[in-house]
Amino acid sequence: MVEENPYETMVASVFDDRDVLTESHQPEIVPRRAEEIRQYAHFLRPATNGNTPDNIMVYGDTGLGKTVVTKHIMELTVDEAENNGNVLSVIIEDCNNDSAFSYTREIVNRLRDDDEKDFPKRGLSTADAMDALYEELNKLEGTVILVADEIDHMDGVDSFLYEMSRAESTGDLDEVKLGIVGISNDYSFRRTLSAKTSGSFAEHELNFGPYDAEDLRHILEERAVDAFRDGTLDEAVIPKCAALAARDKGDARQALDLLKMSGIVANEHNREQVAVEHVDEAKRRVERGKVAERVDDLTDHQRNIIVAIANAEVQERSPVRTKEIYSLYSAVCERRGDEPLSTIRSVREHLKKLEMRGFLTQIEHNNGRGGGKYHTYELSMKPQLVFDVVRTGDE
Ligand SMILES: Nc1ncnc2c1ncn2[C@@H]1O[C@H](COP(=O)(O)OP(=O)(O)OP(=O)(O)O)[C@@H](O)[C@H]1O
(Lines give C-alpha, C1' and ligand atoms only; values in the text may rest on other atoms or scores of the structure.)
Protein backbone atom coordinates (compact mmCIF):
# COMPACT_ATOMS: atom_id res chain seq x y z
CA MET A 1 0.00 0.00 0.00
CA VAL A 2 1.29 3.47 -0.85
CA GLU A 3 1.26 5.75 2.14
CA GLU A 4 -0.70 8.95 1.54
CA ASN A 5 1.25 12.18 1.86
CA PRO A 6 -1.08 14.58 3.72
CA TYR A 7 0.71 17.64 2.29
CA GLU A 8 -0.23 16.70 -1.26
CA THR A 9 -3.92 17.30 -0.65
CA MET A 10 -3.49 20.57 1.23
CA VAL A 11 -4.11 23.93 -0.40
CA ALA A 12 -1.58 26.67 0.36
CA SER A 13 -1.84 28.26 3.81
CA VAL A 14 -3.81 31.49 3.97
CA PHE A 15 -0.99 32.96 6.06
CA ASP A 16 2.10 34.61 4.77
CA ASP A 17 3.49 35.34 8.24
CA ARG A 18 1.20 34.27 11.08
CA ASP A 19 3.56 35.66 13.73
CA VAL A 20 2.62 39.19 12.68
CA LEU A 21 -0.69 38.57 14.50
CA THR A 22 0.95 37.55 17.78
CA GLU A 23 1.61 39.62 20.86
CA SER A 24 5.39 39.60 20.46
CA HIS A 25 5.21 41.35 17.09
CA GLN A 26 5.90 45.07 17.40
CA PRO A 27 4.22 46.77 14.41
CA GLU A 28 6.02 49.64 12.70
CA ILE A 29 2.80 51.60 12.47
CA VAL A 30 0.43 51.94 15.42
CA PRO A 31 -2.84 53.27 14.00
CA ARG A 32 -5.66 55.00 15.88
CA ARG A 33 -3.57 56.21 18.82
CA ALA A 34 -2.24 59.43 17.28
CA GLU A 35 -3.52 61.63 20.11
CA GLU A 36 -2.06 59.41 22.85
CA ILE A 37 1.27 59.28 20.99
CA ARG A 38 1.29 63.07 20.66
CA GLN A 39 0.62 63.56 24.37
CA TYR A 40 3.23 60.97 25.29
CA ALA A 41 5.82 62.78 23.12
CA HIS A 42 4.95 66.04 24.80
CA PHE A 43 5.63 64.58 28.27
CA LEU A 44 8.82 62.87 27.14
CA ARG A 45 10.32 65.74 25.20
CA PRO A 46 12.76 66.79 27.99
CA ALA A 47 14.41 63.36 27.63
CA THR A 48 15.26 64.14 24.01
CA ASN A 49 17.08 67.28 25.16
CA GLY A 50 19.18 65.58 27.80
CA ASN A 51 16.92 66.56 30.70
CA THR A 52 14.82 64.69 33.24
CA PRO A 53 11.47 63.70 31.70
CA ASP A 54 8.26 63.87 33.69
CA ASN A 55 7.00 60.69 35.27
CA ILE A 56 3.97 59.26 33.48
CA MET A 57 1.21 56.87 34.48
CA VAL A 58 -0.58 55.14 31.60
CA TYR A 59 -4.02 53.75 32.42
CA GLY A 60 -6.42 51.62 30.39
CA ASP A 61 -8.14 48.26 30.30
CA THR A 62 -6.55 45.21 28.80
CA GLY A 63 -5.65 45.09 25.08
CA LEU A 64 -6.01 48.82 24.44
CA GLY A 65 -2.50 49.36 23.14
CA LYS A 66 -0.77 50.73 26.24
CA THR A 67 2.29 48.53 25.78
CA VAL A 68 2.52 48.71 22.00
CA VAL A 69 2.15 52.51 22.02
CA THR A 70 4.74 52.81 24.80
CA LYS A 71 7.28 50.74 22.89
CA HIS A 72 6.58 52.74 19.75
CA ILE A 73 6.98 56.14 21.38
CA MET A 74 10.12 55.00 23.19
CA GLU A 75 11.74 54.09 19.86
CA LEU A 76 10.82 57.50 18.44
CA THR A 77 12.07 59.24 21.56
CA VAL A 78 15.44 57.45 21.53
CA ASP A 79 15.87 58.40 17.84
CA GLU A 80 14.94 61.99 18.55
CA ALA A 81 17.42 62.19 21.44
CA GLU A 82 20.11 60.80 19.18
CA ASN A 83 19.29 63.36 16.48
CA ASN A 84 19.71 66.05 19.12
CA GLY A 85 23.10 64.65 20.13
CA ASN A 86 21.87 63.26 23.47
CA VAL A 87 21.96 59.80 24.95
CA LEU A 88 18.74 58.19 26.10
CA SER A 89 18.40 54.64 27.42
CA VAL A 90 15.01 53.00 27.90
CA ILE A 91 14.51 50.02 30.20
CA ILE A 92 11.16 48.25 29.83
CA GLU A 93 10.46 45.62 32.45
CA ASP A 94 7.22 43.87 33.32
CA CYS A 95 6.36 43.72 37.02
CA ASN A 96 4.93 40.18 36.74
CA ASN A 97 3.68 40.04 40.33
CA ASP A 98 7.26 40.56 41.49
CA SER A 99 8.27 42.11 44.75
CA ALA A 100 10.12 45.42 44.53
CA PHE A 101 13.24 43.43 45.43
CA SER A 102 13.00 40.92 42.60
CA TYR A 103 11.93 43.58 40.13
CA THR A 104 15.01 45.61 41.02
CA ARG A 105 17.17 42.49 40.81
CA GLU A 106 15.86 41.74 37.31
CA ILE A 107 16.89 45.17 36.10
CA VAL A 108 20.28 45.04 37.81
CA ASN A 109 21.03 41.71 36.15
CA ARG A 110 19.88 43.01 32.80
CA LEU A 111 22.20 45.98 33.06
CA ARG A 112 25.17 43.98 34.27
CA ASP A 113 27.64 42.28 31.97
CA ASP A 114 27.06 38.59 31.44
CA ASP A 115 29.80 37.44 33.79
CA GLU A 116 28.47 39.63 36.62
CA LYS A 117 24.86 38.43 36.51
CA ASP A 118 25.10 36.87 39.93
CA PHE A 119 23.02 39.23 42.00
CA PRO A 120 22.08 37.00 44.93
CA LYS A 121 18.50 35.98 45.57
CA ARG A 122 18.57 35.92 49.32
CA GLY A 123 20.11 37.69 52.24
CA LEU A 124 19.89 41.19 50.78
CA SER A 125 17.26 43.82 51.48
CA THR A 126 15.32 45.86 48.94
CA ALA A 127 17.51 48.81 49.95
CA ASP A 128 20.63 46.81 48.97
CA ALA A 129 19.03 45.95 45.63
CA MET A 130 18.18 49.62 45.05
CA ASP A 131 21.79 50.58 45.78
CA ALA A 132 22.94 48.02 43.22
CA LEU A 133 20.46 49.51 40.76
CA TYR A 134 21.72 53.06 41.33
CA GLU A 135 25.25 51.81 40.79
CA GLU A 136 24.29 50.28 37.44
CA LEU A 137 22.23 53.29 36.36
CA ASN A 138 25.11 55.63 37.24
CA LYS A 139 27.26 53.74 34.76
CA LEU A 140 24.91 54.92 31.99
CA GLU A 141 25.00 58.38 30.51
CA GLY A 142 22.41 61.03 29.79
CA THR A 143 18.81 60.19 30.50
CA VAL A 144 17.19 56.91 31.48
CA ILE A 145 13.49 56.09 31.23
CA LEU A 146 12.33 53.13 33.28
CA VAL A 147 9.04 51.64 32.09
CA ALA A 148 7.30 49.46 34.67
CA ASP A 149 4.52 47.55 32.89
CA GLU A 150 1.71 46.27 35.15
CA ILE A 151 3.13 48.44 37.91
CA ASP A 152 0.14 47.80 40.18
CA HIS A 153 1.25 44.15 40.37
CA MET A 154 4.51 45.03 42.13
CA ASP A 155 4.58 44.17 45.78
CA GLY A 156 6.13 47.09 47.65
CA VAL A 157 5.57 49.51 44.79
CA ASP A 158 4.92 52.46 47.08
CA SER A 159 8.40 52.63 48.57
CA PHE A 160 9.98 51.64 45.24
CA LEU A 161 8.42 54.69 43.56
CA TYR A 162 9.19 56.91 46.52
CA GLU A 163 12.88 55.99 46.47
CA MET A 164 13.28 56.06 42.69
CA SER A 165 11.55 59.38 42.23
CA ARG A 166 13.79 61.02 44.84
CA ALA A 167 17.02 59.36 43.72
CA GLU A 168 18.28 62.40 41.82
CA SER A 169 17.64 64.82 44.64
CA THR A 170 19.17 62.53 47.29
CA GLY A 171 22.28 62.13 45.16
CA ASP A 172 21.86 58.37 44.72
CA LEU A 173 21.73 59.07 41.02
CA ASP A 174 24.40 61.60 40.13
CA GLU A 175 25.34 60.58 36.61
CA VAL A 176 21.98 60.11 34.96
CA LYS A 177 18.59 61.73 34.87
CA LEU A 178 15.70 59.36 35.48
CA GLY A 179 12.05 59.34 34.44
CA ILE A 180 9.58 56.62 35.34
CA VAL A 181 6.66 55.40 33.26
CA GLY A 182 4.14 53.13 34.96
CA ILE A 183 1.49 51.17 33.05
CA SER A 184 -1.61 49.84 34.79
CA ASN A 185 -5.06 48.35 34.19
CA ASP A 186 -6.10 49.54 37.61
CA TYR A 187 -7.41 53.10 37.55
CA SER A 188 -7.44 53.23 41.34
CA PHE A 189 -3.68 52.63 41.50
CA ARG A 190 -2.99 56.30 42.10
CA ARG A 191 -5.18 56.27 45.19
CA THR A 192 -3.31 53.29 46.65
CA LEU A 193 -0.08 55.29 46.88
CA SER A 194 0.79 56.97 50.15
CA ALA A 195 0.62 60.75 50.32
CA LYS A 196 4.38 60.99 50.56
CA THR A 197 4.91 58.87 47.41
CA SER A 198 2.17 60.69 45.49
CA GLY A 199 3.97 63.91 46.37
CA SER A 200 7.39 62.87 45.10
CA PHE A 201 6.16 60.75 42.18
CA ALA A 202 4.18 63.63 40.69
CA GLU A 203 3.23 62.40 37.28
CA HIS A 204 1.19 63.03 34.17
CA GLU A 205 -1.64 60.70 33.35
CA LEU A 206 -2.45 59.16 29.98
CA ASN A 207 -5.75 57.32 29.63
CA PHE A 208 -6.45 54.78 26.90
CA GLY A 209 -10.11 54.30 26.02
CA PRO A 210 -11.66 51.31 24.23
CA TYR A 211 -11.36 50.99 20.47
CA ASP A 212 -14.52 51.16 18.35
CA ALA A 213 -15.18 48.90 15.36
CA GLU A 214 -13.66 51.45 12.98
CA ASP A 215 -10.43 51.65 15.01
CA LEU A 216 -10.14 47.88 15.17
CA ARG A 217 -10.80 47.56 11.46
CA HIS A 218 -7.85 49.87 10.74
CA ILE A 219 -5.57 48.02 13.16
CA LEU A 220 -6.47 44.64 11.68
CA GLU A 221 -6.13 45.82 8.10
CA GLU A 222 -2.66 47.13 8.79
CA ARG A 223 -1.57 43.81 10.29
CA ALA A 224 -3.32 41.67 7.70
CA VAL A 225 -1.16 43.07 4.89
CA ASP A 226 1.88 41.16 6.18
CA ALA A 227 0.07 38.33 7.95
CA PHE A 228 -2.04 36.95 5.07
CA ARG A 229 -1.25 36.12 1.48
CA ASP A 230 -2.90 38.39 -1.07
CA GLY A 231 -6.53 37.59 -1.76
CA THR A 232 -6.94 35.06 1.04
CA LEU A 233 -9.28 37.19 3.18
CA ASP A 234 -12.92 37.53 2.26
CA GLU A 235 -13.70 41.25 2.51
CA ALA A 236 -16.26 40.72 5.26
CA VAL A 237 -13.79 38.97 7.60
CA ILE A 238 -11.95 41.95 9.08
CA PRO A 239 -15.12 44.04 9.62
CA LYS A 240 -16.69 41.06 11.37
CA CYS A 241 -13.69 40.47 13.70
CA ALA A 242 -13.58 44.21 14.42
CA ALA A 243 -17.32 44.41 15.14
CA LEU A 244 -17.28 41.40 17.48
CA ALA A 245 -14.34 42.71 19.51
CA ALA A 246 -15.77 46.25 19.59
CA ARG A 247 -19.09 44.95 20.86
CA ASP A 248 -17.31 43.13 23.67
CA LYS A 249 -14.64 45.37 25.23
CA GLY A 250 -13.00 47.19 22.34
CA ASP A 251 -9.86 45.14 22.92
CA ALA A 252 -7.33 44.90 20.05
CA ARG A 253 -5.79 41.71 21.44
CA GLN A 254 -9.14 39.98 21.19
CA ALA A 255 -9.65 41.27 17.63
CA LEU A 256 -6.19 40.03 16.57
CA ASP A 257 -6.72 36.65 18.25
CA LEU A 258 -10.00 36.28 16.42
CA LEU A 259 -8.45 37.11 13.06
CA LYS A 260 -5.56 34.72 13.64
CA MET A 261 -7.87 31.92 14.76
CA SER A 262 -10.11 32.52 11.71
CA GLY A 263 -7.09 31.90 9.48
CA ILE A 264 -6.22 28.75 11.42
CA VAL A 265 -9.79 27.48 11.04
CA ALA A 266 -9.75 28.18 7.26
CA ASN A 267 -6.48 26.25 6.98
CA GLU A 268 -7.91 23.35 8.94
CA HIS A 269 -10.87 23.25 6.57
CA ASN A 270 -8.40 23.31 3.68
CA ARG A 271 -9.86 26.51 2.24
CA GLU A 272 -8.02 28.98 0.06
CA GLN A 273 -9.86 31.91 1.58
CA VAL A 274 -10.90 32.87 5.11
CA ALA A 275 -14.70 33.28 5.17
CA VAL A 276 -17.17 34.73 7.64
CA GLU A 277 -18.21 31.30 8.93
CA HIS A 278 -14.58 30.69 9.92
CA VAL A 279 -14.82 33.78 12.13
CA ASP A 280 -17.87 32.26 13.87
CA GLU A 281 -16.00 29.08 14.62
CA ALA A 282 -12.93 31.07 15.65
CA LYS A 283 -15.04 33.03 18.09
CA ARG A 284 -16.25 29.84 19.76
CA ARG A 285 -12.71 28.51 20.00
CA VAL A 286 -11.25 31.73 21.40
CA GLU A 287 -14.01 31.90 24.02
CA ARG A 288 -13.44 28.28 24.95
CA GLY A 289 -9.70 28.93 25.29
CA LYS A 290 -10.31 31.85 27.62
CA VAL A 291 -12.71 29.93 29.83
CA ALA A 292 -10.26 27.00 29.91
CA GLU A 293 -7.52 29.28 31.22
CA ARG A 294 -9.79 30.56 33.98
CA VAL A 295 -10.99 27.07 34.85
CA ASP A 296 -7.36 26.01 35.25
CA ASP A 297 -7.10 28.32 38.25
CA LEU A 298 -10.07 26.71 40.04
CA THR A 299 -9.88 24.01 42.69
CA ASP A 300 -11.42 20.58 41.99
CA HIS A 301 -14.35 21.44 44.28
CA GLN A 302 -15.03 24.65 42.40
CA ARG A 303 -14.89 22.80 39.07
CA ASN A 304 -17.35 20.22 40.34
CA ILE A 305 -19.65 23.00 41.53
CA ILE A 306 -19.78 24.70 38.14
CA VAL A 307 -20.35 21.34 36.44
CA ALA A 308 -23.24 20.72 38.88
CA ILE A 309 -24.80 24.08 37.99
CA ALA A 310 -24.24 23.42 34.27
CA ASN A 311 -26.11 20.13 34.70
CA ALA A 312 -28.97 21.97 36.43
CA GLU A 313 -29.05 24.44 33.57
CA VAL A 314 -29.37 21.80 30.81
CA GLN A 315 -32.11 20.13 32.86
CA GLU A 316 -33.83 23.53 33.04
CA ARG A 317 -33.58 23.56 36.82
CA SER A 318 -31.54 26.76 36.96
CA PRO A 319 -31.27 29.16 38.79
CA VAL A 320 -30.63 26.83 41.70
CA ARG A 321 -30.64 27.20 45.47
CA THR A 322 -27.55 26.37 47.49
CA LYS A 323 -29.10 23.25 49.00
CA GLU A 324 -29.88 21.80 45.60
CA ILE A 325 -26.46 22.79 44.31
CA TYR A 326 -24.98 20.85 47.21
CA SER A 327 -26.75 17.64 46.24
CA LEU A 328 -25.99 18.06 42.52
CA TYR A 329 -22.38 18.79 43.40
CA SER A 330 -22.16 15.71 45.63
CA ALA A 331 -23.45 13.62 42.72
CA VAL A 332 -20.78 15.06 40.40
CA CYS A 333 -18.11 14.28 43.01
CA GLU A 334 -19.37 10.72 43.30
CA ARG A 335 -19.29 10.20 39.52
CA ARG A 336 -15.76 11.56 39.34
CA GLY A 337 -14.52 9.67 42.38
CA ASP A 338 -13.84 12.86 44.37
CA GLU A 339 -14.55 13.23 48.08
CA PRO A 340 -17.22 16.00 48.40
CA LEU A 341 -16.97 18.86 50.91
CA SER A 342 -18.87 17.81 54.02
CA THR A 343 -20.94 20.95 54.67
CA ILE A 344 -23.25 23.20 52.70
CA ARG A 345 -21.49 26.12 54.34
CA SER A 346 -18.18 25.33 52.62
CA VAL A 347 -19.96 25.00 49.27
CA ARG A 348 -21.53 28.39 49.93
CA GLU A 349 -18.03 29.88 50.41
CA HIS A 350 -16.99 28.50 47.04
CA LEU A 351 -20.16 29.84 45.41
CA LYS A 352 -19.21 33.32 46.59
CA LYS A 353 -15.72 32.95 45.14
CA LEU A 354 -17.08 31.63 41.84
CA GLU A 355 -19.42 34.57 41.64
CA MET A 356 -16.57 36.99 42.28
CA ARG A 357 -14.53 35.37 39.53
CA GLY A 358 -17.34 35.77 37.01
CA PHE A 359 -18.40 32.11 36.64
CA LEU A 360 -21.75 32.49 38.36
CA THR A 361 -24.45 35.08 38.80
CA GLN A 362 -26.16 35.32 42.17
CA ILE A 363 -29.82 36.27 42.35
CA GLU A 364 -31.24 37.53 45.62
CA HIS A 365 -34.82 36.57 46.52
CA ASN A 366 -36.94 38.19 49.14
CA ASN A 367 -39.92 36.27 50.42
CA GLY A 368 -41.62 39.34 51.75
CA ARG A 369 -42.39 40.06 55.35
CA GLY A 370 -41.03 37.38 57.66
CA GLY A 371 -40.19 35.20 54.66
CA GLY A 372 -36.48 35.85 54.81
CA LYS A 373 -33.93 36.18 52.07
CA TYR A 374 -32.28 33.49 50.02
CA HIS A 375 -30.01 33.25 46.99
CA THR A 376 -30.06 31.26 43.79
CA TYR A 377 -27.24 30.86 41.31
CA GLU A 378 -26.93 30.45 37.57
CA LEU A 379 -23.98 30.10 35.21
CA SER A 380 -22.59 33.25 33.61
CA MET A 381 -21.63 31.28 30.50
CA LYS A 382 -23.13 28.61 28.29
CA PRO A 383 -23.20 25.18 30.00
CA GLN A 384 -21.65 23.55 26.94
CA LEU A 385 -18.59 25.74 27.41
CA VAL A 386 -18.18 24.34 30.92
CA PHE A 387 -18.57 20.75 29.70
CA ASP A 388 -16.06 21.40 26.90
CA VAL A 389 -13.36 22.78 29.13
CA VAL A 390 -13.85 20.65 32.24
CA ARG A 391 -14.29 17.48 30.16
CA THR A 392 -16.67 15.80 32.50
CA GLY A 393 -18.52 13.53 30.18
CA ASP A 394 -21.65 14.99 31.85
CA GLU A 395 -23.06 16.69 28.76
N1 LIG B 1 -3.23 50.84 17.84
C2 LIG B 1 -2.72 49.62 17.64
N3 LIG B 1 -2.08 49.32 16.50
C4 LIG B 1 -1.56 48.10 16.28
N5 LIG B 1 -1.63 47.09 17.15
C6 LIG B 1 -2.26 47.33 18.32
C7 LIG B 1 -2.82 48.59 18.63
N8 LIG B 1 -3.37 48.54 19.86
C9 LIG B 1 -3.16 47.30 20.31
N10 LIG B 1 -2.49 46.57 19.40
C11 LIG B 1 -2.11 45.15 19.52
O12 LIG B 1 -3.04 44.52 20.39
C13 LIG B 1 -2.38 43.66 21.32
C14 LIG B 1 -2.60 44.18 22.73
O15 LIG B 1 -2.00 45.46 22.86
P16 LIG B 1 -1.13 45.89 24.13
O17 LIG B 1 -0.33 44.72 24.62
O18 LIG B 1 -0.40 47.11 23.81
O19 LIG B 1 -2.32 46.17 25.15
P20 LIG B 1 -2.23 46.68 26.66
O21 LIG B 1 -3.14 47.87 26.74
O22 LIG B 1 -0.82 46.88 27.07
O23 LIG B 1 -2.92 45.46 27.39
P24 LIG B 1 -2.59 44.75 28.81
O25 LIG B 1 -2.95 45.74 29.85
O26 LIG B 1 -3.48 43.55 28.80
O27 LIG B 1 -1.12 44.40 28.76
C28 LIG B 1 -0.91 43.65 20.90
O29 LIG B 1 -0.71 42.57 20.02
C30 LIG B 1 -0.75 44.97 20.16
O31 LIG B 1 0.29 44.89 19.20
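Keep in mind that this is a model prediction, so the values were computed, not measured.

Scoring rules and cut-offs
- Residues numbered from 1 in each chain as written.
- Predicted model: local features only at pLDDT ≥ 70, side-chain atom pairs only at ≥ 80, totals over all residues.
- Heavy atoms only, no water.
- Near = heavy atom within 4 Å.
- Polar contact = N/O pair within 3.5 Å; in protein donor to acceptor, adjacent residues only side chain to side chain.
- 1 Å grid on protein atoms, 1.4 Å probe; cavity = no way out; pocket = protein on both sides within 12 Å on 5 of 7 lines; lining within 4 Å.
- Sits in = over half its atoms within 2 Å of the grid points.
- Helix = DSSP H or I, 4+ residues; strand = E, 2+ residues; numbered from the N terminus.
- Nonpolar A, V, L, I, M, F, W, Y, C, P; charged D, E, K, R; others polar.
- Domains from an automatic or database assignment.
- Pairing = 2+ DSSP bridges.
- Contact = heavy atoms within 4.5 Å.
- Axes fitted to C-alpha atoms, helices over the stretch in contact; angles between N-to-C directions.
- Patch = residues over 30% accessible without salt bridge, like charges linked within 9 Å, V, L, I, M, F, W, Y side chains within 5 Å.
- Areas by Shrake-Rupley, 256 points an atom, 1.4 Å probe, with all protein chains shown as cover.
- Salt bridge = Lys/Arg side-chain N within 4 Å of Asp/Glu carboxyl O.
- Lys, Arg positive; Asp, Glu negative; His and termini not counted.
- Charge placed at Lys NZ, Arg CZ, Asp CG, Glu CD.
- Buried < 20%, exposed > 50% of the residue type's maximum accessible area, 1.4 Å probe, protein only.
- Points joined across faces, edges and corners; volume = space filled by probe spheres on them.
- Core = buried A, V, L, I, M, F, W, Y, C linked by side-chain atoms within 4.5 Å.

Novice: Hey, could you run me through the site of the ligand in this one?
Specialist: Taken together, 19 residues are adjacent to the ligand, and Pro31, Thr62, Thr67, Tyr211 and Arg223 come closest. At 2.8 Å from an oxygen atom of the ligand is found a main-chain nitrogen or oxygen belonging to Gly63. Here Arg253 contributes a side-chain N or O atom positioned 3.0 Å from an oxygen atom of the ligand. When each cavity is represented as a set of grid points, the ligand is found to reside in the largest pocket. Looking at the shell around the ligand, the elements with two or more residues in it are helix H2 (66-83), helix H8 (213-227) and helix H10 (252-268). Here the shell around the ligand is built from residues that sort into eight nonpolar, five polar and six charged. Mapped onto the domain boundaries, the shell around the ligand takes at least three residues apiece from domain 1 (33-208) and domain 2 (211-295).

Novice: What am I meant to see in the sheet that holds strand S8 (residues 373-379) here?
Specialist: Hydrogen bonds along the backbone pair up the strands of a sheet, which may run parallel or antiparallel. Taken together, three strands build an open sheet; the order of strands is S6-S8-S7 and the sheet is antiparallel. Unpaired on one side and paired on the other, strand S6 (320-321) and strand S7 (360-366) mark the two borders of the sheet. Across the face of the sheet, helix H12 (residues 300-314) comes into contact with S6, S7 and S8 while running at roughly 85° to S8.

Novice: Would you explain a positive patch on the surface in this entry?
Specialist: On the surface, Lys249, Lys290, Arg294, Lys353 and Arg357 cluster together into a patch of positive charge. Position of Lys353 among the secondary structure elements: in helix H14 (residues 344-356). Judged by its relative accessible area of 42%, Lys353 is partly exposed.

Novice: Explain the layout of surface pockets here, please?
Specialist: Empty space among the atoms becomes visible once a probe the size of a water molecule is rolled across them. By volume, the largest pocket amounts to about 720 Å³. Glu23, Gly65, Thr67, Val68 and Arg253 are the residues nearest the centre of the largest pocket, which is lined by 34 residues in total. Among the secondary structure elements, those contributing two or more residues to the lining of the largest pocket are H2, strand S2 (88-94), strand S4 (177-184), H8 and H10. Of the residues in the lining of the largest pocket, the class split is 13 nonpolar, 10 polar and 11 charged. For the lining of the largest pocket, the domains that each give at least three residues are domain 1 (33-208) and domain 2 (211-295).

Novice: Whenever I open this one, the nonpolar core confuses me. Can you help?
Specialist: Considering soluble globular proteins, one finds that nonpolar side chains tend to be buried as a cluster. Core analysis: the largest hydrophobic core is formed by 49 residues, its most contacted members being Tyr40, Val181 and Phe228. The element best represented in this core is H10, accounting for eight residues. Of the domains in this structure, domain 1 (33-208) and domain 2 (211-295) are the two that each give at least three residues to this core. Dropping the residues within four chain positions of it, Phe228 is found in contact with Val14, Phe15, Asp16, Leu21, Leu233, Leu259, Gly263 and Val274. In this structure, Val295, Tyr326, Leu354 and Val390 belong to the second largest nonpolar core, which totals 31 residues.

Novice: What should I look at first to understand the environment of Lys283 in this one?
Specialist: Relative to the helices and strands, Lys283 is located in helix H11 (residues 276-296). Judged by its relative accessible area of 31%, Lys283 falls in the partly exposed class. As for Lys283 and Leu111, which are separated by 172 residues in sequence, their C-alpha atoms are 42 Å apart. Not counting residues up to four positions away in its chain, the partners in contact with Lys283 are Leu244 and Leu258.

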